[in-house]
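Listed below are the residues making up each chain.
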Amino acid sequence: MDAQLTGRSLPMRGDETTSAIITAEDRALYELARERMEHDDGRRYTMDEAFGEHYRPADDGFDPEFE
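Remember, it's a predicted structure, so these values are computed and weren't measured experimentally.

K.L.:
Hey, could you go over the layout of surface pockets for me, with residue numbers and the actual values?
P.N.:
Estimated volume of the largest pocket: approximately 160 Å³. Every residue lining the largest pocket is listed: R36, M37, H39, D40, D41, R43, R44 and Y45.

K.L.:
Describe the side chain of T23, listing the residues and the values that go with them.
P.N.:
Mapped onto the secondary structure, T23 falls in strand β2 (residues 17-23). The exposure class of T23 is buried, given its relative accessible area of 15%. Among the polar contacts made by the side chain of T23, one reaches the main-chain amide nitrogen of D26 at a distance of 3.1 Å.

K.L.:
Go over the pattern of salt bridges with me, naming the residues and quoting the values.
P.N.:
Under the criterion given, the structure shown has four salt bridges. A salt bridge links E38 to R34, with the nearest nitrogen and oxygen atoms 3.4 Å apart. You can see E38 and its partner R34 sitting in helix α1 (residues 24-38), four residues apart, about one turn around the helix. With a shortest N-O distance of 2.6 Å, E49 and R43 are connected by a salt bridge. E49 gets classed as partly exposed once you look at its relative accessible area, which sits at 43%. Judged by its relative accessible area of 40%, R43 is partly exposed.

The rules we used
- Residues numbered from 1 in each chain as written.
- Predicted model: local features only at pLDDT ≥ 70, side-chain atom pairs only at ≥ 80, totals over all residues.
- Heavy atoms only, no water.
- 1 Å grid on protein atoms, 1.4 Å probe; cavity = no way out; pocket = protein on both sides within 12 Å on 5 of 7 lines; lining within 4 Å.
- Points joined across faces, edges and corners; volume = space filled by probe spheres on them.
- Helix = DSSP H or I, 4+ residues; strand = E, 2+ residues; numbered from the N terminus.
- Buried < 20%, exposed > 50% of the residue type's maximum accessible area, 1.4 Å probe, protein only.
- Polar contact = N/O pair within 3.5 Å; in protein donor to acceptor, adjacent residues only side chain to side chain.
- Salt bridge = Lys/Arg side-chain N within 4 Å of Asp/Glu carboxyl O.

This is the structure in structure tokens:
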């Protein structure tokens, strides 16, 4: 898994700057998300369509106050 610099300086506090390091997979997911946002047709996906048929969310122990 190769990491690369994005080539962008990100603003920080004061006059500090930093660069973000992302993987090729992260970049591909980012580009896919941008493409979907720019060409949104209003379709809403089911859990199976969005995460795959065999996806099961992990139980993180969070107990909401209400639903």
